[in-house]
Amino acid sequence: MSTAAVAVRAPAHETGSYLEHGRGVRSWLFTLDHKRIGIMYLVAISACLLLGGVFALVLRMHLWSPQGALVSNDAYNKLFTLHGAVMIFLFIIPGIPAALGNFVLPLQLGAKDLAFPRVNLLSFWLFVAGAIFFLVVLVVGGVDTGWTLYPPYSLESARGLGILLALSAVVLTGFSSILTGVNFIATIHRMRPPGMGWFDMPLFLWALYATGVIQIISTPVLGITAAMGFLERIFHLGLFMPEYGGDPILFQHFFWFYSHPAVYIMILPAMGVVSEVVSVFSRKPIFGYRFIAVSSMAIAIIGFLVWGHHMFVSGQSRWASLAFSFLTMLVSIPSAIKTFNWIATMYKGAIVLKTPMVYVLTFFAIFGVGGLTGLFLGLLATDVPLHDTYFVVAHFHFVMVGAVMIAFLAGLHYWWPKMTGRMYHEGVGVASAWLVFLGFNLTFVPQFLAGVLGMPRRYATYAPQFTAHNRLSTVGAFVLALGLVVALAGLLHSLRRGRRAPPNPWGAASLEWTIASPPTHHNFDETPRARGPYDYSGLHEVSEDAGWVREEGR
C-alpha cells in the first residue's frame, strides 16, 4: 500500500470561503448558510453570557458583606432573577446546539446545509426577539420572581408589565428551540451521506438528535404554560392563582415537565462534544461507541419521567415522591456509562494536552462532582433537609454551568480553526482552561459547604457565620471571569494574528476535517462517502502548517 500522503483538496482557494461569500451586513442578517447562522448564534449567546456574567459579579460583590454591600434587597432579587433567566434561556440551552450544532452538523454529514435553511434563519430571529424582550424587562423595572416564575407570587398585579414580557420572551425562545430541534432531526434522518448508517454517525450527531427529541416533545409544554400564565395574569381564568380558583402546583408540574428534560437539552450536546474531543486527543477510537449512542437516547427518554423530584416538599403523594426518586436514580445509569467509556477511551491512549482536551479533563472533574451531588437531591431522605439551600445552587451550577460551559469552550476551541481558518495561541488557551477550572471550584465548592450548614439560597443577606464561604465565592467568581476573558482574548487575537489553519489541524477523522478551513459556501464539491468517524488509521501529521493528512488508499 502506498504511503504517499495526499493533501486534502481545498476548494476554498478556488471559490473563496463562506466568510467571503457575500459582503455587507445584509448578507449576514438574511443569510441561509448554516455556518453564518451558527456564527451569528455564537456572537449572540456570547453577548448573553457576558450580560449574565456581569449580573453574577454584581450579586457576588453584594454578598461580600452579611448585610449586603452594594444594592438594595429589591434590586438583588431582580438581578438574580434576570441572571438566571438570561443564563438559562439565552446561553446554556441554546449555546452548544444553536451555535456549534448549526455550524458542525451539516459538515459532519457531508451536506451542504440543514434540511430547512429558512426555518433555521427564522429560529435565529425568534431567539433574538426573545433576548430583546428579556432586555426590555430590565427597562420596565425588572422582575423579582426567580427564573422559575412560580405563581401565585409571579402573577400578582404588583409584578407589572415585566412578568408579561418575561413570559413572552420564554415563548419566543421556546419556539426557536423547537424549530432548531425539528431541523436537526429532519437533517439527520434525510441527509446522511452514502456509507453512514445510524451507528456510523459521529457521537456529536447522536447527542444533537437526542436533544432534538427533547426539544420537540417538552418545549411546547413550557410555551403553553407561559401562554397560560400570560392569560391568567390578564383575564384571571383560574388556572394557577388560588384567588381565582386555580392551582399553583399545576404550574410547577408543567414547568418541571419541561425544565428537567431541559437539563438534558443543556448537557447532552456537551456530552457529544466531549465524545468527539476525548477520542481525537487520545488518538484512539471511542470505546463503547454503541453504548454511548444508545445512552444518549436513554437519557432523553428517562429524563421525561423525573420532574417530580423537584417537588418533594410541595405536598405531592409520598408514593409519587418514591417513584420519582427511583426514576431519578435510574437516569444516572446512562450518564455513568458515558463517563466510563470516556475514561476507557483515554486508557492507554496517546493523550495530547491541547486546549480542547484540557477543557475536557476539567469537565470530567466538574461533571463528576455535579453528578454525584445530584444523588443527594434525588433521594427523599437527603433532599428535604437540603431543599432551597446553597447546596442546590452549587449542584445546579456544577452540572448546568460548569460542565456545559466548559464543554462549550472545549468545542469552541476544537472547531475554532474550522470556523475561522485561524489557529489560536495554545498557551493562552490552556491558561484560560485552568483559570476557569480554578475560579469555578473556588466559587461553588464553598457554596456546597454553606448549603450543608443550612444557608438558604436567594437571600440578599445572611448570617455572619457564612461570611468566609461567601467571600471565597466572590473571589472565585472574579477568577472565573478572568479565565473567560483570557479565553475570549486569545480567540479574538487569533483572528488577526493567528497562523492559517490547515484543513485538519488535530488529526480528526470525521467529515468536517476533510474540507478546507474555513469551508466554502457549499461545504463539499460533491457528496462525500463516509468512513468511520473515529478511524484514525492512515492519518499522520505532515507539519504544523499542513496539518494531518490520510495516506493514499487508506
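Residues numbered from 1 in each chain as written. Predicted model: local features only at pLDDT ≥ 70, side-chain atom pairs only at ≥ 80, totals over all residues. Heavy atoms only, no water.

- The chain has the name Cytochrome c oxidase subunit 1 in an unreviewed UniProt entry, where Anaeromyxobacter dehalogenans is given as its organism.
- A UniProt comment under Catalytic activity (unreviewed entry) is attached to the chain, and it reads "4 Fe(II)-[cytochrome c] + O2 + 8 H(+)(in) = 4 Fe(III)-[cytochrome c] + 2 H2O + 4 H(+)(out)". (UniProt positions renumbered as here; feature names shortened; annotations may be inferred.)

1. Overview of the confidence of the model for the chain
- Per-residue confidence for the chain averages 91 on the pLDDT scale, and 97% of its residues sit at or above 70.
- Ignoring residues within four places in sequence, the model shows residues 1-14, a span with pLDDT below 50, making 29 contacts including any to other chains. (pLDDT = per-residue confidence, 0-100. Contact = heavy atoms within 4.5 Å.)

2. What to know about the UniProt feature "domain: Cytochrome oxidase subunit I profile" (unreviewed entry) in the chain
- When the UniProt feature table is mapped onto this chain, "domain: Cytochrome oxidase subunit I profile" (unreviewed entry) is found at residues 28-531.
- For residues 28-531, the end-to-end C-alpha separation is 33 Å, with 69% helix and 0% strand making up the annotated structure. (Helix = DSSP H or I, 4+ residues; strand = E, 2+ residues; numbered from the N terminus.)

3. Thoughts on the pairing of strand S2 (residues 547-550)
- Pairing of strand S1 (residues 539-543) with S2 involves four bridges; the strand directions are antiparallel. Directly across from Glu-541, in S2, lies its bridge partner Trp-548.
- The turn linking S1 back onto S2 is made up of three residues. (Pairing = 2+ DSSP bridges.)

4. With respect to unusual backbone geometry
- In this structure, Pro-152 follows Pro-151 across a cis peptide bond, with omega equal to 10 degrees.
- If you trace the backbone, Pro-152 turns up in the loop between helix H5 (117-139) and helix H6 (161-190).
- Between Ser-517 and the following residue, Pro-518, the backbone shows a cis peptide bond with an omega angle of -5 degrees.
- Relative to the assigned elements, Pro-518 resides in the loop between helix H15 (467-497) and S1.
- Non-glycine residue Lys-348 carries a positive phi angle of around 60 degrees.
- Note on placement: Lys-348 falls in the loop between helix H10 (318-346) and helix H11 (355-378).
- The class of Lys-348 is exposed, set by a relative accessible area of 71%. (Buried < 20%, exposed > 50% of the residue type's maximum accessible area, 1.4 Å probe, protein only.)

5. As for the packing of aromatic side chains
- Applying the stated criterion across every chain, the model contains 40 aromatic pairs.
- Measuring from ring centre to ring centre gives 5.5 Å for Phe-257 and Trp-307, while their planes differ by 75 degrees; the resulting arrangement is edge-to-face. Of this pair, Phe-257 sits in helix H8 (residues 248-280) while Trp-307 sits in the loop between helix H9 (289-302) and H10, placing them 50 residues apart in sequence.
- Overall, the relative accessible area of 23% leaves Phe-257 in the partly exposed class.
- Judged by centre distance (5.0 Å) and plane angle (70 degrees), the rings of Phe-398 and Phe-440 are edge-to-face. (Phe/Tyr/Trp six-rings, centres within 6.5 Å; stacked < 30°, edge-to-face > 60°.)

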